[in-house]
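# Understanding the architecture of this molecule
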Amino acid sequence: QVQLVESGGGLVQPGGSLRLSCAASGITFSMYTMGWYRQAPGIQRELVARITSAGTINYTDSVKGRFTISRDNAKNTVYLQMDSLKPEDAAVYYCSATFLGPLYWGQGTRVTVSS
């Protein structure tokens, strides 16, 4: 079955950095569009960044210039490098995978931005 396992979340001070990883199994990873979403309490889950199988990348406006999504098809892993973190970036971050069908989700990893 499809498994997406996120890691790398934690507590960081404003202005700091974190790198999230999502290891996928059960899919032909290179064919999938991989994404990172986030959900803060009381707020709808939102797309943060996604990268297609061809390497096309999209970011939500609030993270442009601060976050970088990348993928390593040899390792079946997608990354989200988060720099210059702000308190409003605090949320549970979810990895997603899709290919012409359902959207698969990971279990999420929590990012807390606080001094």
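Below: a short report on this structure. (Residues numbered from 1 in each chain as written. Predicted model: local features only at pLDDT ≥ 70, side-chain atom pairs only at ≥ 80, totals over all residues. Heavy atoms only, no water.)

Turning our attention to the overall build of the chain. Scanning the chain from terminus to terminus reveals zero helices and 11 strands. When the helices and strands of the chain are listed from N to C terminus, the series reads β-β-β-β-β-β-β-β-β-β-β. With the principal axes as the frame, the chain shows a C-alpha extent of 40 × 25 × 25 Å. Out of the 115 residues in the chain, the part that is buried amounts to 39%. Looking at the chain alone, contacts between residues at least 24 apart form 53% of all its contacts between residues at least 6 apart. Accessible area of the chain: about 6,000 Å², with a carbon and sulfur share of 48%. In the chain, 10 positive and 7 negative side-chain charges are present, and the distance between their average locations comes to 3 Å. (Helix = DSSP H or I, 4+ residues; strand = E, 2+ residues; numbered from the N terminus. Buried < 20%, exposed > 50% of the residue type's maximum accessible area, 1.4 Å probe, protein only. Contact = heavy atoms within 4.5 Å. Areas by Shrake-Rupley, 256 points an atom, 1.4 Å probe, with all protein chains shown as cover. Lys, Arg positive; Asp, Glu negative; His and termini not counted. Charge placed at Lys NZ, Arg CZ, Asp CG, Glu CD.)

Within strand E8 (residues 77–82), five of the six residues are buried, which leaves it mostly tucked inside the rest of the structure. Direction of pairing for strand E3 (residues 18–25) relative to E8: antiparallel, over a ladder of six bridges. When the sheet's bridge partners are listed, Arg19 is paired in E8 with Gln81. As defined by bridge partners, strand E7 (residues 67–72) adjoins E8 across six bridges and the pair is classed as antiparallel. From the neighbouring strand, Arg71 faces E8, where its bridge partner is Val78. Linkage of E7 to E8, two consecutive antiparallel strands, is achieved through a turn of four residues, within which Asn76 is found at a positive phi near 50°. (Pairing = 2+ DSSP bridges.)

A few words on the sheet that holds E8. Sheet strands pair via backbone hydrogen bonds, and the direction of the pair is either parallel or antiparallel. The antiparallel open sheet is built from four strands, whose spatial order is E1-E3-E8-E7. Looking at which strands have only one partner, the edges of the open sheet turn out to be strand E1 (3–7) and E7. This sheet shows a mean twist of 15° between the axes of neighbouring strands, independent of strand direction. (Axes fitted to C-alpha atoms, helices over the stretch in contact; angles between N-to-C directions.)

Let us now look at the side chain of Thr77. Positionally, Thr77 belongs in strand E8. A relative accessible area of 9% means that Thr77 is categorised as buried. At a separation of 2.8 Å, a polar atom in the side chain of Thr77 contacts the main-chain carbonyl oxygen of Lys75. Excluding residues that lie within four positions of it along the chain, Thr77 makes contacts with Ser21, Cys22, Ala23, Phe29, Ser70, Arg71 and Asp72. (Polar contact = N/O pair within 3.5 Å; in protein donor to acceptor, adjacent residues only side chain to side chain.)

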